[in-house]
Amino acid sequence: MLLPGICVGSLAEPVMPIVKTRTYWKTDAERARIAERIGQLTVRAGECLIWTGAKDRRGTGLMQIGGGGAATWRLARVPRVVMALAGRPLGEGMCACHRCDNPSCCEETHLFAGTYTDNMRDCIAKGRFQPLPVLHGSSHHRSKLTEESVRAIRQERILSASTLATTYGVSAGRIRAIRRGKGWVHVSDGAV
Ligand SMILES: [Zn+2]
């Protein structure tokens, strides 16, 4: 979906489809793997549990789902998966909203189900609604990456270059170059 006034090239929406489903796993073993993965990729920060893996441009965690090899992989938003693991799966049209106002948080007790409109209202009420920024290095018309996604790529330790390439819609060579620190030199790894 195109947003008015924003350079299309600046958007780093993953090109891999994001699944919104009640069934992120088919077997108990798959479920256990997903839960384990979330455990490995989160860190406790106060009461929040922060996702350290790939994120979308708003900071919501993204993870791969699918047990049958690369062809079955789909991206899922981690807070939705966390709610499903806790026995509170979200239906179509529902969002995982954060009581703590931190999109990267995956602490189950901080998540509640809301409609998209609830989510937007909540977001406006908390003063965190902002138009999507067009960032300096990503304003080039052919760029599909933003500073934020470059940072996420550099910090990602588990997903392969080819998976990240599919996720961000760029070549695997470009992902490897970014990981080696070539290009995007103005993006610091920013201790955030
Ligand atoms: Zn939280």
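Computed from a prediction, not measured in an experiment: that's the story for all the values here. (Residues numbered from 1 in each chain as written. Predicted model: local features only at pLDDT ≥ 70, side-chain atom pairs only at ≥ 80, totals over all residues.)

## A look at the overall build of the protein chain
Condition: Helix numbering and strand numbering both begin at the N terminus, where a helix is a DSSP run of H or I of at least 4 residues and a strand a DSSP run of E of at least 2. Whether two residues are in contact depends on their C-beta atoms, placed from the backbone: they are in contact if these lie within 7 Å.
A tally of regular secondary structure across the protein chain gives six helices and seven strands. Contacts in the protein chain between residues far apart in sequence, at least 24 positions, make up 58% of those at least 6 positions apart.

## Focus: the environment of Thr 167
Test applied: Every C-beta atom is placed from the backbone, and the number of other C-beta atoms within 10 Å of a residue's own sets its class: buried at 20 or more, exposed at 12 or fewer, partly exposed in between.
Topologically, Thr 167 is positioned in helix H5 (residues 161-168). Using a count of 25 C-beta atoms within 10 Å as the deciding quantity, one classes Thr 167 as buried. When the C-alpha positions of Thr 167 and Gln 64 are compared, they lie 9.8 Å apart, and in sequence the two are 103 residues distant.

## Some points on the nonpolar core
Spelled out, the test is: The term nonpolar core refers to a group of buried residues, namely Ala, Val, Leu, Ile, Met, Phe, Trp, Tyr and Cys, whose C-beta atoms join them within 7 Å.
Of all hydrophobic cores here, the largest spans 31 residues; its most connected members are Val 78 and Val 81. Mapped onto this core, the elements with two or more residues apiece are strand S3 (48-51), strand S4 (62-65), strand S5 (74-77), helix H2 (78-85), strand S6 (94-98), helix H4 (147-155), H5 and helix H6 (172-179). For Val 81, the contacting residues outside a window of four places in its chain are Tyr 24, Ile 34, Met 63 and Ala 76.

## Considerations on the pairing of S3
Let me state the cut-off plainly: Between any two strands, at least two bridges found by DSSP are needed for them to pair.
Covered by surrounding structure in S3 are Leu 49 and Trp 51 only, the residues Cys 48 and Ile 50 on the alternate face being uncovered. Pairing of strand S2 (residues 42-45) with S3 involves four bridges; the strand directions are antiparallel. Following the sheet pairing, Val 43 is matched in S3 by Ile 50. The loop that links S2 with its antiparallel partner S3 comprises two residues; one of these, Gly 46, has a positive phi angle of about 65 degrees.

## Some words on the packing of H4 against H6
Convention followed: Note on definitions: angles span 0 to 180 degrees between N-to-C directions of axes, and those axes are lines fitted to C-alpha atoms, for helices only across the stretch in contact. Roughly parallel refers to an angle under 35 degrees, roughly antiparallel to one over 145, roughly perpendicular to one between 65 and 115, and oblique to any angle outside these ranges. Residue classes follow a fixed rule: Ala, Val, Leu, Ile, Met, Phe, Trp, Tyr, Cys and Pro count as nonpolar, while Asp, Glu, Lys and Arg count as charged, and any other residue, Gly among them, counts as polar.
Interaxial distance between H4 and H6 falls to 9 Å at its minimum, and their mutual angle equals 80 degrees. The angle between H4 and H6 places the two elements in the roughly perpendicular class. In this structure, H4 contributes Val 150, Ile 153 and Arg 154 to the contact, and H6 contributes Ile 175, Ile 178 and Arg 179. Looking at the contact of H4 with H6, its residues break down into four nonpolar, no polar and two charged.

## Notes on unusual backbone geometry
Despite not being glycine, Asp 101 shows a phi value in the positive range, around 65 degrees. Of note, Asp 101 is situated in the loop between S6 and strand S7 (111-115). Residue Asp 101 is classed as partly exposed on the basis of its 14 C-beta neighbours within 10 Å.

## Some points on the confidence of the model for the protein chain
Threshold: The predictor attaches a confidence to each residue, called pLDDT, with possible values from 0 through 100.
Residue-level pLDDT values for the protein chain average 74, and 65% of them are 70 or greater. With pLDDT under 50 throughout, residues 1-16 is counted as low confidence; its partners more than four residues away or in other chains account for 36 contacts. Across residues 131-136 the pLDDT falls below 50, and counting only partners more than four positions away or on other chains, this stretch makes 10 contacts in the model.

## What about the packing of H5 against H6?
To be explicit about the condition: Two helices that cross are described as forming a left-handed crossing if the nearer one is turned anticlockwise from the farther one by less than a right angle, and a right-handed crossing if clockwise.
The N-to-C vectors of H5 and H6 enclose an angle of 110 degrees; their axes lie 8 Å apart at closest approach. When the interaxial angle is binned, H5 and H6 end up roughly perpendicular. Read as a crossing pair, H5 and H6 show a hand that is right-handed. Residues Ala 161, Ser 162, Leu 164 and Ala 165 of H5 pack against Ala 172, Ile 175 and Arg 176 of H6. The class makeup of the residues in the contact of H5 with H6 is five nonpolar, one polar and one charged.

## A word on the environment of Ser 160
Mapped onto the elements of the fold, Ser 160 is located in the loop between H4 and H5. For Ser 160, a count of 12 C-beta atoms within 10 Å translates into the label exposed.

## As for the environment of Met 94
Looking at where Met 94 falls in the secondary structure, it is placed in strand S6. Classification of Met 94 as partly exposed rests on a count of 17 C-beta atoms within 10 Å. Sequence separation of Met 94 and Phe 112 is 18 residues, and the distance between their C-alpha atoms is 9.9 Å. What Met 94 contacts, discounting residues up to four positions off in sequence, is Ala 113, Gly 114 and Thr 115.

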